[in-house]
Amino acid sequence: MGEGDLGLWAVLVAMIGGAIRVSTPFIFVSLGECLTERSGRINLGLEGTLVFGAMSGYAVAYETNSAWIGVLAAALAGTVFGLFHGWVCKLPRVNDIAIGIALMLLGMGLAFFFGKPYIQPVAPDLPAIPLGFWSSSPQVEAALRVNVLFVVGIALAFLIAWLFRSTRIGLVIRVVGDSSDAARAMGISVDRVRLLATAAGGALAGIGGAYLSLYYPGSWNEGISSGQGLMAVALVIFARWNPVNCIWAALLFGAAGALGPALQSIGISKGYYLSYAAPYVLTLILLIATSSTTRAVRGAPGELSITK
Amino acid sequence: MSKGTAIGVETLHMTKRFGDFTALDDVSIKITPGSFHALLGENGAGKSTLVKCMMGFYQPTSGQMLINDREAEIRNPRDAHASGLGMVYQHFTLVPSLTAAENLVIARENAPAVIDWRKEREGLQAFLKTMPFSVALDQPVNRLAAGEKQKLELLKQLYLGRHFLILDEPTSVLTPSEADELLGMVRDLTQAGALTCLMITHKFREVTAFADVVSVLRRGAHVGGGKVSELSHDDMAAMMIGDKTLTRSADRSGEKGEAVLTLDGISASDRSGLKTIEVESLRVSAGEVVGIAGVSGNGQMELMEVLTGQRPVSRGRVNVKSEAFHGTRRQARDLKVRFLPEEPLQNASAGRMSVAENLAFRTFDLKKNGGLNGKSTRTWLDRAGMSRLAVELVDAFKVKTASIESPIASLSGGNVQRAVLARELSDEVDLLIIANPCFGLDFSAVAEIRARIMAARNAGAAVLLISEDLDEILELSDRVLVMSEGRIAYETPIATLDVGELGRHMAGHA
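Residues numbered from 1 in each chain as written. Chains lettered and ligands numbered in written order. Predicted model: local features only at pLDDT ≥ 70, side-chain atom pairs only at ≥ 80, totals over all residues. Heavy atoms only, no water.

Trainee: What am I meant to see in the overall build of chain A here?
Mentor: Helices and strands together make up the secondary structure of chain A, namely 13 helices and two strands. Seen along its three principal axes, the alpha-carbon backbone of chain A occupies a region of about 70 × 50 × 35 Å. By residue count, 54% of the 308 residues in chain A fall in the buried class. In chain A, the share of contacts with a sequence separation of at least 24, taken over all contacts with a separation of at least 6, comes to 75%. Within chain A, one finds 18 positive and 14 negative side-chain charges whose respective centroids are separated by 10 Å. (Helix = DSSP H or I, 4+ residues; strand = E, 2+ residues; numbered from the N terminus. Buried < 20%, exposed > 50% of the residue type's maximum accessible area, 1.4 Å probe, protein only. Contact = heavy atoms within 4.5 Å. Lys, Arg positive; Asp, Glu negative; His and termini not counted. Charge placed at Lys NZ, Arg CZ, Asp CG, Glu CD.)

Trainee: Help me understand the overall build of chain B in this model?
Mentor: Along the backbone of chain B there are 17 helices and 20 strands. For 510 residues, the compact-globule estimate of 2.2 N^0.38 gives 24 Å, and chain B sits close to it at 25 Å. Its C-alpha atoms put chain B at 70 × 55 × 45 Å along the principal axes. Looking at chain B as a whole, 54% of its 510 residues qualify as buried. When contacts within chain B are restricted to residue pairs at least 6 apart in sequence, long-range pairs at least 24 apart make up 68% of them. (Rg over C-alpha atoms; globule rule 2.2 N^0.38 Å.)

Trainee: Explain the confidence of the model for chain B to me, please; I cannot follow it from the model alone.
Mentor: Parts of the model with low pLDDT should not have their predicted coordinates read in detail. Across chain B, the average pLDDT comes to 85, with 92% of residues at or above 70. For this predicted complex, the interface confidence score (ipTM) comes to 0.86, while the overall pTM stands at 0.74. (pLDDT = per-residue confidence, 0-100.)

Trainee: Got a minute to help me understand a nonpolar patch on the surface in this structure?
Mentor: Nonpolar side chains collect at one region of the surface, where A:Phe84, A:Trp87, A:Leu91 and A:Leu106 lie side by side and expose about 390 Å² of accessible area between them. For A:Trp87, the position within the fold is in helix 3 (residues 67-90). (Patch = residues over 30% accessible without salt bridge, like charges linked within 9 Å, V, L, I, M, F, W, Y side chains within 5 Å. Areas by Shrake-Rupley, 256 points an atom, 1.4 Å probe, with all protein chains shown as cover. Salt bridge = Lys/Arg side-chain N within 4 Å of Asp/Glu carboxyl O.)

Trainee: Is there a simple way to explain the sheet that holds strand 4 (residues 62-67) of chain B in this structure?
Mentor: Residues and elements named next belong to chain B. The strand order across the open sheet built from four strands is 2-1-4-5, with neighbouring strands paired in antiparallel fashion. In the strand order of this sheet, the two ends are held by strand 2 (21-31) and strand 5 (70-72), each with one partner. The mean angle between the axes of side-by-side strands here comes to 30 degrees, regardless of whether they run parallel or antiparallel. The pairing of strand 4 with strand 5 spans three bridges and is classified as antiparallel. Residue pairing in the sheet places methionine 65 in a bridge with alanine 72 of strand 5. The strands touched by helix 1 (residues 47-55) within the sheet are strand 1 (9-18), strand 2 and strand 4, with strand 1 carrying the most contacts at an inclination of about 115 degrees. (Pairing = 2+ DSSP bridges. Axes fitted to C-alpha atoms, helices over the stretch in contact; angles between N-to-C directions.)

Trainee: Quick question: what am I supposed to make of the pattern of salt bridges here?
Mentor: When the charged atoms of two side chains lie near each other, side chains of opposite charge can form a pair. Residues and elements named next belong to chain A. Across all of its chains, the model carries 32 salt bridges over all chains by this definition. The partner of lysine 116 in a salt bridge is glutamate 222, and the shortest N-O contact between them spans 2.7 Å. Of the two residues, lysine 116 is situated in the loop between helix 4 (96-115) and strand 1 (128-130) and glutamate 222 in the loop between helix 9 (190-214) and helix 10 (228-238); the sequence distance between them amounts to 106 residues. On the basis of relative accessibility, which here comes to 51%, the residue lysine 116 falls in the exposed class.

Trainee: Got a minute to help me understand the packing of helix 3 (residues 100-107) of chain B against helix 5 (residues 146-159) of chain B in this structure?
Mentor: Each packed pair of helices is defined by two parameters, the angle between the axes and the distance between the axes. All names here are of chain B. One can describe the packing of helix 3 onto helix 5 by two numbers: an axis separation of 10 Å at closest approach and a directional angle of 35 degrees. Considering the relative orientation of helix 3 and helix 5, their crossing is right-handed. Of helix 5, the residues touching helix 3 (which contributes Ala100, Asn103, Leu104, Val105 and Ala107) are Leu152, Leu155, Lys156 and Tyr159. Taken together, the residues of the contact of helix 3 with helix 5 sort by class into seven nonpolar, one polar and one charged. (Left-handed = near helix turned anticlockwise from the far one by under 90°. Nonpolar A, V, L, I, M, F, W, Y, C, P; charged D, E, K, R; others polar.)

Trainee: Help me understand the packing of helix 3 of chain A against helix 9 of chain A, please; the structure alone is not making it clear to me.
Mentor: Residues and elements named next belong to chain A. Helix 9 packs onto helix 3 with a crossing angle of 145 degrees between their chain directions and a minimal axis gap of 6 Å. Here the hand of the crossing between helix 3 and helix 9 comes out right-handed. Considered class by class, the residues forming the contact of helix 3 with helix 9 number twelve nonpolar, nine polar and two charged.

Trainee: What is the right way to look at the nonpolar core in this model?
Mentor: If you look at soluble globular proteins, the nonpolar side chains tend to sit buried side by side. By size, the foremost hydrophobic cluster in this structure holds 128 residues, and its most contacted members are A:Trp220 and B:Val214. Looking at this core element by element, the count peaks at ten residues for helix 9 of chain A. (Core = buried A, V, L, I, M, F, W, Y, C linked by side-chain atoms within 4.5 Å.)

Trainee: Looking at this model, I keep getting lost on the interface of chain A and chain B. Mind explaining?
Mentor: The extent of an interface is frequently quoted as the accessible surface area lost upon association of the parts. Contacts between the two partners involve 16 residues from chain A, matched on the other side by 21 residues from chain B. Both sides of the chain A and chain B interface together cover about 1600 Å² of buried area, and 60% of this is carbon and sulfur. At the boundary of chain A and chain B, one finds one salt bridge. Between B:Glu102 and A:Arg174 there is a salt bridge, with the nearest N and O atoms lying 3.0 Å from each other. Taken together, the connections running from chain A to chain B amount to six residue pairs in polar contact (both at pLDDT 80 or more). The set of elements that each furnish at least two residues to the side of chain A that touches chain B consists of helix 6 (148-166) and helix 7 (168-178) of chain A. When residues of the side of chain A that touches chain B are assigned to their parent elements, the largest contribution, six residues, is made by helix 7 of chain A. Among the residues forming the side of chain A that touches chain B, the class breakdown is six nonpolar, five polar and five charged. (Buried area = accessible area lost by both parts, 1.4 Å probe. Polar contact = N/O pair within 3.5 Å; in protein donor to acceptor, adjacent residues only side chain to side chain.)

Trainee: What's the story with the sheet that holds strand 7 (residues 164-168) of chain B in this structure? I'm lost.
Mentor: Residues and elements named next belong to chain B. With mixed pairing, six strands are arranged side by side in an open sheet as 6-7-8-3-9-10. Two strands lie at the open edges of the sheet, namely strand 6 (85-88) and strand 10 (221-227), each paired on one side alone. For this sheet, the mean angle separating the axes of adjacent strands, direction not counted, is 20 degrees. Where strand 3 (residues 36-40) and strand 8 (residues 196-201) come together, five bridges link them in parallel fashion.

Trainee: Would you mind showing me how to read the domain arrangement of chain B here?
Mentor: All names here are of chain B. Domain boundaries in chain B define domain 1 (9-241), domain 2 (244-336 + 428-510) and domain 3 (352-427). Contacts between the two partners involve 17 residues from domain 2, matched on the other side by 20 residues from domain 3. The tally of links between domain 2 and domain 3 comes to two salt bridges. Our count for the domain 2 to domain 3 interface comes out at six residue pairs in polar contact (both at pLDDT 80 or more). Those elements that place two or more of their residues in the side of domain 2 that touches domain 3 are helix 10 (329-334) and helix 15 (443-458). Here the side of domain 2 that touches domain 3 gets five residues from one element, more than from any other, and that element is helix 15. Here the side of domain 2 that touches domain 3 is built from residues that sort into eight nonpolar, one polar and eight charged. (Domains from an automatic or database assignment.)

Trainee: How should I be thinking about unusual backbone geometry in this particular structure?
Mentor: Negative phi is the rule for most residues except glycine; trans is the rule for most peptide bonds. Residue and element names in this part refer to chain A. Here the residue pair tyrosine 216 and proline 217 is connected by a cis peptide bond, since its omega of 5 degrees sits within 30 degrees of zero. Relative to the helices and strands, proline 217 resides in the loop between helix 9 and helix 10. One non-glycine residue, tryptophan 241, lies in positive phi territory at about 60 degrees. Along the chain, tryptophan 241 turns up in the loop between helix 10 and helix 11 (243-265).

Trainee: Help me understand the packing of aromatic side chains in this model?
Mentor: Each aromatic ring pair is described using two quantities: the centre-to-centre distance and the angle formed by the ring planes. All names here are of chain A. Tallied over the full model, the rule gives ten aromatic pairs over all chains. Measuring from centroid to centroid gives 5.1 Å for phenylalanine 52 and phenylalanine 81, while their planes differ by 55 degrees, and the two rings are tilted. In this pair, phenylalanine 52 is assigned in helix 2 (residues 46-64) and phenylalanine 81 in helix 3, connecting sequence segments 29 residues apart. As far as burial versus exposure is concerned, phenylalanine 52 and phenylalanine 81 are alike and both buried. Note on phenylalanine 84 and tryptophan 87: the rings are 6.2 Å apart at their centroids and 35 degrees apart in plane angle, and the pair reads as tilted. (Phe/Tyr/Trp six-rings, centres within 6.5 Å; stacked < 30°, edge-to-face > 60°.)

Trainee: For this particular structure, what's the right way to read helix 6 of chain A?
Mentor: Side chains that are three or four residues apart share a direction in an α-helix, a result of its 3.6 residues per turn. Residues and elements named next belong to chain A. For helix 6, which comprises 19 residues, the first-to-last C-alpha distance of 26 Å matches the rise-based estimate of 27 Å (1.5 Å per residue) to within 8%. By the burial criterion, the buried members of helix 6 are Leu149, Phe150, Gly153, Leu156, Ala157, Ile160, Ala161, Phe164 and Ser166. Taking the backbone nitrogen of leucine 149 as reference, a side-chain oxygen 2.7 Å away marks asparagine 147 as the first, capping residue of helix 6. (Expected span 1.5 Å × (residues − 1).)

Trainee: I tried to follow the environment of B:Val213 on my own but got confused; where do I start?
Mentor: Counting through the fold element by element, B:Val213 comes out in strand 9 (residues 213-218). Of the residues examined, B:Val213 reaches a relative accessible area of 23% and is grouped as partly exposed.

Quick look at the structure:
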């Protein structure tokens, strides 16, 4: 095996591994956003929820010495943020986008404030499943160490898809998201459904944050999120509001995010910042490529304020 | 579920006041089980108020209601549903992105928490077998044609076990053949004793063709009615409009002139992006009305968008007086082209701006001495001039508004249409392109607006009328085209027009 061969393979393996590692928070946040948006409301505050989830997950994991209790705490914190967003949006003449931006900044601010004492201590990591045990190559082994949350996220995507298709709750969410008039005519409380959908979306974003601080990168600091919460909004549009598509979109974004580190691992550090910007460039390219001037976005919930 | 028996409903001295305004004045109407009862009246006659009281959306100020001869208290729509009363609205209440099956199941009061689709599907199929008509269960509702949607609305009510149905202008969005089909089904169900139906309508034809009994409301009061077989159209019209005289469409005059609008080999994609609109050749000459008939959703609105320059064409050109037309403001002004899109409140006005501002939309940025065709534009608005113009137009076109400073959205549908017409027809017009100008308007407004259109034609304008109302097409057009599946499928001068032939082309069967 030549030197060059190994290099290319290494990049590929590193990218697959990176895709799996980097995509997990994307999966959770985008599923959360998907759930919220299908109920006809957009929550731009998920970035703040994610960062606060990362902080609270890390802090609780450190205090209790259990990563899973940390994840639970992050989900709980996310739920509180979601409930707050949903509750404020219930008030008359309130714009969900403006509230989302306010909550994003609030969440980040609170996380930095409460998270100061936890930058130094080391919290327990989330466990990973060594799917690469068969390989003798350390790169392959490292790439295929798959975190439990990744598996949970994928299962969750299918669960939510099933929920939308075959349960009353799922259909009610879709009704509310598509036509609030029809929902009211059916006697469904539109605000309550949206409140709960936003809360559930917040919980998922919180878990996404906990993954960041408890597994990859695996520590709490103020630069922990690189805009995953915001990019999830673009990702959901790209996934056409379909939870299963969210997996593919998240993996794609994850792979783009892993490009920089992968290239670096084989010693290519030229254009370092450029390759780190790959996910953002990809966001732009995808949104432009899939847009159209003559027809509305397919699959968009009818009540969504950005597509109305 | 369809095997239930029809329900009879009676209102006794029902009155509803909103503040000082009496919307419903001592109305007593008896609707016997298994009858097809029509409720006629102009806009604002109190039809909607009456049915909203029956359905529990409003509480009547006084009076009561009997269901199957027993006194019933309907506090909210849920009570009405529990008593077996249901309503099909003018606009659709189906959820657009859900499939028909999903819409039916989720509408059920006792929808299961986890839906076993195999079982539900079997149940739905069994239910459909007992119905005189069927719909595709797996299509998302937004892909169904208007007639299909309305059928599904009806099916939904029956599926939910409602045996007294209020239909609120159920055919306003349907073609004549779709309307006949739907109402025929309703009549079959009432005759079978499965259903009682109260239908709000403007259309006499539907009343005589399908209903058994008619009640007429005017200004909130029950002014007459009886067996349909014993009443003529004139009797009903007299009851409905009182002793008012209607504006008749002006007679045709003037000669057909040069071609003003020419379309050659136009090709554009439709709203879904999946189909194309292809118009090989279309000519509209000065002094004629060309009517484009067609079932809604066959490309008429896309054609309108091509003409207004809102939809890019992949091939072909739109010429106005042999100049390529791109729908810019400047061109529309220079070539004297005017558009009147459907639903003018949404498509041709800014709802929250005042009537005066809306009336000035075409001229607000022009200097007076430059005239309409002047090239000079102004920076500072001439508020006084705008008000003068508004007063003039409001007067000339009889727009009923509290003040010219009221937001245009506060006007009734007919008055918004009058205001927009006033704006578009106030100067010389060479080409007028109109879509569904009378949709949802009442009787007298319709007659007046059609007369305005005829007057423009007689003054030498070329008029392209896109309408889903066949009566309107037949009344106004000199030449009738049928649009079907994005193409011009048929063309005929009005003199040799055969309605049956036209209908076949509209249905796409010829």
